[in-house]
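In case you want the letters, here they are:
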Amino acid sequence: YRTCTWRRSLMADLGLELSSPPTDGVTSLCFGDDSGLLLATSWDAGVRLYDADPVSGSSSLRQHFTTPGPVFDACFAAGGDTAIVSGGLSKSVVRHDLTSGADDVVGTHGAAVKCVEWDHETGLILSGGWDGRLKCWDARLPEERRCIADVELPGKVYSMSLTGSGSPTRRLVVAMAGRAVHVYTPMGLTMSGAPEQARESPMGHQSRCVRWLPDGTGFVLASVEGRVAWEYLDPALDVQEKKYAFKCHRVRDAGVETIHPVHAVAFHPWGTFATGGGDGVVNVWDGAHKKRLYQYPKYATSIAALAFNADSDKLAVAASYVGESGDAPAPRDAVYVRKVEPGEVTPKSGVPK
């Protein structure tokens, strides 16, 4: 009896485990700003939509789209969260209509589509691929005219992030192979294809995830070397002197340090952010004050993806083996949704007004 009680308590600490989870390698998570529904993609070629409430302890699979191959990323792509755009190993950018259930191939890349974004201001779809191309699509145009920008990049795309509603200017940051990082404005992307800024990651190894600060003044870049960089956009010297990087997701045992990759970064609407690593740990940080605020109980395997909801009271966590140790036995894939308490995410400066 005590063992069963302990297990129920542990599961409660981890959050609400979703029913009907992906069956192979979760690759991305995303909450809808309007609907509050949770979107999940995976290596099992599925795009799934969930309704989850960790307070009542209920979850349900609302819709499930199947694609020709593993899916690496997806986002909501219409007002009211009535459509989804996804991309993956099939090389296609696909729009899924949640009302009719119909799929529409918007366009293709020469290799896998690693990342997709939707700009709600212009209605344009942005996609980055392993073919080293960044493309901009207008799904409202005839098929032969949908690709309105096709930019050659210095390397394959690993991660992308589009500024949110808290930023006065829309910008896209792209992290690539060779430690390259580019920043684009939608105008610059569609008119000339030239980046507003071209940088090199301050870290010495491959980038895993990049995410904008909520106000768009900078971004956080995570790498495979168990490090996270806090970067500012403004090129002024006095601003650039404030940027920094720190070590995290490292485990020391008997004098030996194991360095885990940082697979996931997600910003809370209040400006703090969570990181998830190959150590199965989720940390919450106050980046502006260089302080760790909270560490959640350890999950059974790697943290593959994270997402906060727009209402700031939920955190979705994908506990899914990412292959750090090769083809090894791993716990089953699971997605959890936690209730976020204010004390876990409130910055030192207090809740923004």
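Below is a summary of the structure that appears in this document. (Residues numbered from 1 in each chain as written. Predicted model: local features only at pLDDT ≥ 70, side-chain atom pairs only at ≥ 80, totals over all residues. Heavy atoms only, no water.)

**Regarding the overall build of the protein**
Then comes step 1: A tally of helices and strands in the protein yields four helices and 30 strands.
Then comes step 2: Its C-alpha atoms give the protein a radius of gyration of 19 Å, near enough to 20 Å, the size a compact globule of 353 residues would have.
Then comes step 3: Projected onto its principal axes, the C-alpha positions of the protein cover 65 × 50 × 45 Å.
Then comes step 4: Counting all 353 residues of the protein, 52% fall into the buried class.
Then comes step 5: A sequence separation of at least 24 residues applies to 45% of the contacts in the protein between residues at least 6 apart.
Then comes step 6: Here the protein displays about 15600 Å² of accessible surface, and carbon together with sulfur accounts for 50% of that area.
Then comes step 7: Of note, the protein has its 36 positive side-chain charges centred 5 Å away from the centre of its 41 negative side-chain charges. (Helix = DSSP H or I, 4+ residues; strand = E, 2+ residues; numbered from the N terminus. Rg over C-alpha atoms; globule rule 2.2 N^0.38 Å. Buried < 20%, exposed > 50% of the residue type's maximum accessible area, 1.4 Å probe, protein only. Contact = heavy atoms within 4.5 Å. Areas by Shrake-Rupley, 256 points an atom, 1.4 Å probe, with all protein chains shown as cover. Lys, Arg positive; Asp, Glu negative; His and termini not counted. Charge placed at Lys NZ, Arg CZ, Asp CG, Glu CD.)

**Comments concerning a nonpolar patch on the surface**
Then comes step 1: A contiguous nonpolar patch, built from Trp43, Leu89 and Trp130 and spanning about 280 Å² of accessible area, is present on the exposed surface.
Then comes step 2: With respect to the element layout, Leu89 can be found in the loop between β7 (83-88) and β8 (92-97). (Patch = residues over 30% accessible without salt bridge, like charges linked within 9 Å, V, L, I, M, F, W, Y side chains within 5 Å. Salt bridge = Lys/Arg side-chain N within 4 Å of Asp/Glu carboxyl O.)

**Points about the packing of aromatic side chains**
Then comes step 1: Summed over all chains, the structure comprises twelve aromatic pairs.
Then comes step 2: A centroid spacing of 6.0 Å and a plane angle of 35 degrees characterise the contact between Trp230 and Phe273, whose relative ring orientation is tilted. Taken together, the positions of Trp230 in strand β20 (residues 227-232) and Phe273 in strand β25 (residues 273-277) put the pair 43 residues apart, joining distant regions of the chain.
Then comes step 3: Exposure remark for Trp230: the relative accessible area of 4% places this residue in the buried category.
Then comes step 4: Feature note: the residues Trp230, Tyr232, Tyr244, Phe246, Phe267, Phe273 and Trp285 constitute an aromatic cluster, connected by ring pairs.
Then comes step 5: Here the guanidinium or amino end of Lys156 rests over the ring plane of Trp130, the centre of that ring lying 5.1 Å away. (Phe/Tyr/Trp six-rings, centres within 6.5 Å; stacked < 30°, edge-to-face > 60°. Lys NZ or Arg CZ within 6 Å of the ring centre and 35° of its normal.)

**With respect to the environment of Asp286**
Then comes step 1: You can see Asp286 is positioned in strand β26 (residues 282-286).
Then comes step 2: With residues near it in sequence (within four places) discarded, Asp286 still touches Thr272, Lys291, Leu293, Pro347 and Lys348.

**Observations concerning the side chain of Ser42**
Then comes step 1: For Ser42, the location among the structural elements is in strand β3 (residues 38-42).
Then comes step 2: Within the structure, Ser42 has its side chain in polar contact with the side chain of Asp44 (distance 2.2 Å).
Then comes step 3: Non-local contacts of Ser42, meaning those with residues more than four positions away in its chain, are made with Pro22, Asp24, Gly25, Val26, Thr27, Arg48, Pro70 and Val71. (Polar contact = N/O pair within 3.5 Å; in protein donor to acceptor, adjacent residues only side chain to side chain.)

**A look at the pattern of salt bridges**
It is possible for side chains bearing opposite charge to pair when their charged atoms get close.
Then comes step 1: Summed over all chains, the structure comprises 15 salt bridges.
Then comes step 2: Between Arg133 and Asp150 there is a salt bridge, and its shortest N-O distance comes to 3.0 Å. In this pair, Arg133 is assigned in strand β12 (residues 133-137) and Asp150 in strand β13 (residues 147-152), connecting sequence segments 17 residues apart.
Then comes step 3: A salt bridge links Glu231 to Arg199, with the nearest nitrogen and oxygen atoms 3.1 Å apart. Taken together, the residues span a long stretch of sequence, with Glu231 in strand β20 and Arg199 in strand β17 (residues 197-200) at a distance of 32 residues. Side by side, Glu231 and Arg199 carry an identical accessibility label, which is buried.
Then comes step 4: A network of salt bridges, in which partner residues are shared, links Arg199, Glu231 and Lys243.

**Overview of the sheet that holds β12**
Then comes step 1: Sheet architecture is open: four strands sit in the order β10-β11-β12-β13, paired in antiparallel fashion. Each edge of the open sheet carries a strand with a single partner, namely β10 (113-119) and β13. When strand polarity is set aside, the average angle formed by the axes of neighbouring strands in this sheet is 15 degrees.
Then comes step 2: As paired elements, strand β11 (residues 124-129) and β12 share four bridges and run antiparallel to each other. For Leu126, the partnering residue across the bridge sits in β12 and is Cys136. (Pairing = 2+ DSSP bridges. Axes fitted to C-alpha atoms, helices over the stretch in contact; angles between N-to-C directions.)

**Concerning the nonpolar core**
Then comes step 1: Val282, Tyr299, Leu306, Phe308, Leu315 and Val317 are the most contacted members of the largest nonpolar core, which has 18 residues in total.
Then comes step 2: In contact with Val317, not counting residues within four places along its chain, are Leu29, Val282, Tyr299, Ile303, Ala305, Leu306, Ala334, Val335 and Tyr336. (Core = buried A, V, L, I, M, F, W, Y, C linked by side-chain atoms within 4.5 Å.)

**Considerations on the pairing of strand β24 (residues 262-267)**
Looking along a regular strand, one sees side chains alternate from face to face of the sheet.
Then comes step 1: Within β24, six of the six residues are buried, which leaves the element mostly enclosed by the surrounding structure.
Then comes step 2: Between β24 and β25, which pair antiparallel in sequence order, lie five residues; one of them, Gly271, sits at a positive phi of approximately 100 degrees.

**Quick notes on the sheet that holds strand β4 (residues 46-53)**
Then comes step 1: Strand order in the open sheet formed by four strands is β2-β3-β4-β5, and the pairing between neighbours is antiparallel. Of all the strands in the sheet, just β2 (26-31) and β5 (58-66) have a single pairing partner and so form its edges. Across the sheet, the axes of successive neighbouring strands diverge by a mean angle of 20 degrees, strand direction being ignored.

**Comments concerning the side chain of Lys314**
Then comes step 1: Here Lys314 lies in strand β29 (residues 314-319).
Then comes step 2: Buried and unpaired, Lys314 has Asp53 as its nearest opposite-charge partner, separated by 5.0 Å.
Then comes step 3: Separated by 2.7 Å, the side chain of Lys314 and the backbone oxygen of Ala52 make a polar contact.
Then comes step 4: Ignoring sequence-local partners within four residues, the contact set of Lys314 consists of Phe31, Ala52, Asp53, Pro54, Ala307, Phe308, Asn309, Val337, Arg338 and Val340.

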